[in-house]
Amino acid sequence: MKTLIVYAHPNPQSFNRAILDALVAGLQAAKHEVVIKDLYAENFDPVLKAQDLEQLQSGNIPPRIQAEQQTLLDAEQIIFIYPLWWFDRPAILKGWFDIVFTNQVAFTFNDKGVQGLLKHKKALVIITAGGSESYFQDTDAMPLIHRPVTDGTLGFCGIQDVQHKIYFDVPSLTDEKRQRILQEIEQAGKEF
Ligand SMILES: Cc1cc2nc3c(=O)[nH]c(=O)nc-3n(C[C@H](O)[C@H](O)[C@H](O)COP(=O)(O)O)c2cc1C
């Protein structure tokens, strides 16, 4: 199974990076063909420029966007790993969606309304947060953490099976809890 991981964290020493490594170990143990898109490492330019938009709107896909879309479409499953930044993805990842999930490639409109075009079998969204679970529950903010990605983007674009995992209190986790999470992630990779 060809699995694309889109990873967005600038620090190679971060917990997010440890999650990436644990996940890759699990996926590889289960014989997945893993492709990692490390947005910071490749200095991905997340800005959808006026010229790009103009070309897209006239039905042409600029070569840089085409190449990104090919990577997405070649995968059978897709996983995202990122920290929650202002209740959302880091801007570099938001920009990746702006650039890659274009009209006529990721979705289209017909007389029945919107139609998702992505055929990936499954998606998993892994998010780390600084806040506590009780904070998000007490403020009714739990769905805000993941829904823009899980429902607003992946589900909207046709992926039926979209799962998510959120890890809270990450900056203050003990080493023991970190290890437990990493084991859980590796197992999730084996079972994905
Ligand atoms: C720019 C920025 C914005 C953040 N916004 C939030 C937020 O909205 N909610 C939250 O719970 N944590 C927020 N955090 C905390 C991070 O989510 C947390 O530190 C990270 O998930 C920990 O993982 P790491 O050690 O791999 O960076 C923010 C951190 C930064 C740097």
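Each value, and the rule that gives it
Residues numbered from 1 in each chain as written. Predicted model: local features only at pLDDT ≥ 70, side-chain atom pairs only at ≥ 80, totals over all residues. Heavy atoms only, no water. Helix = DSSP H or I, 4+ residues; strand = E, 2+ residues; numbered from the N terminus. Expected span 1.5 Å × (residues − 1). Buried < 20%, exposed > 50% of the residue type's maximum accessible area, 1.4 Å probe, protein only. Contact = heavy atoms within 4.5 Å. UniProt positions renumbered as here; feature names shortened; annotations may be inferred. Phe/Tyr/Trp six-rings, centres within 6.5 Å; stacked < 30°, edge-to-face > 60°. Pairing = 2+ DSSP bridges. Axes fitted to C-alpha atoms, helices over the stretch in contact; angles between N-to-C directions. Salt bridge = Lys/Arg side-chain N within 4 Å of Asp/Glu carboxyl O.

Caption draft 1: Layout of helix H1 (residues 15-29). Over its 15 residues, H1 runs 21 Å from end to end, which matches the ideal 21 Å to within 8%, given 1.5 Å per residue. Looking at H1, one finds that the buried residues are Phe15, Asn16, Ile19, Leu20, Ala22, Leu23, Val24, Gly26 and Leu27. Close packing links the buried residues of H1 with strand E1 (2-7), strand E2 (33-38), strand E3 (77-83), strand E6 (122-128) and helix H7 (175-191). Where H1 terminates, the next one or two residues include Lys31, which has phi positive at roughly 70°.

Caption draft 2: Here's a closer look at the UniProt feature "domain: Flavodoxin-like fold" (unreviewed entry) in the protein. The positions UniProt marks with the feature "domain: Flavodoxin-like fold" (unreviewed entry) are residues 1-187. Annotated as residues 1-187, this span is 42% helix and 21% strand, and its ends, taken at the C-alpha atoms, are 16 Å apart.

Caption draft 3: View of unusual backbone geometry. Although it is not a glycine, Lys31 sits at a positive phi angle of roughly 70°. For Lys31, a relative accessible area of 70% puts it in the exposed group. If you check the backbone angles, Gln104 has positive phi at about 80° while not being a glycine. Inspection of the secondary structure assignment puts Gln104 in the loop between helix H4 (91-100) and strand E4 (107-110).

Caption draft 4: Up close: the packing of aromatic side chains. Scanning the entire structure with this criterion turns up ten aromatic pairs. On the numbers, 4.9 Å between centres and 75° between planes, the contact of Phe97 with Phe101 is edge-to-face. With respect to class, Phe97 is no different from Phe101; both count as buried. Seen in terms of ring centroids, Phe107 and Phe156 are 5.7 Å apart; in terms of plane orientation they differ by 65°. Their pairing is edge-to-face. Taken as a pair, Phe107 in strand E4 and Phe156 in the loop between helix H6 (142-155) and strand E7 (162-167) lie far apart in primary sequence, 49 residues in all. In this structure an aromatic cluster arises from ring pairing among Phe80, Trp96, Phe97 and Phe101.

Caption draft 5: Inspection of the sheet that holds E1 at higher detail. The sheet built from five strands is open, its strands ordered E2-E1-E3-E6-E7 with parallel pairing. The two strands at the open ends of the sheet, each matched to only one other strand, are E2 and E7. Shown here is a sheet whose adjacent strand axes are inclined to one another by a mean of 15°, direction ignored. Inspection of the sheet shows E6 paired to E7 by six bridges, in the parallel sense. Along E7, the bridge assignment pairs Ala123 with Val162. Relative to E1, helix H3 (residues 63-74) is tilted by about 130°, and along the sheet it contacts E1, E2 and E3.

Caption draft 6: Structural view of the pattern of salt bridges. Under the counting rule described, the total for this entry stands at 13 salt bridges. Two residues, Lys121 and Glu76, come together in a salt bridge whose shortest N-O distance is 3.4 Å. Within this pair, whereas Lys121 is found in the loop between strand E5 (113-116) and E6, its partner Glu76 is found in the loop between H3 and E3, the two being separated by 45 residues in sequence. For Arg147, the salt bridge identified is with Asp151, shortest N-O distance 2.5 Å. Placement of the pair is Arg147 and Asp151 together in helix H6, with a separation of four residues, close to one helical turn.

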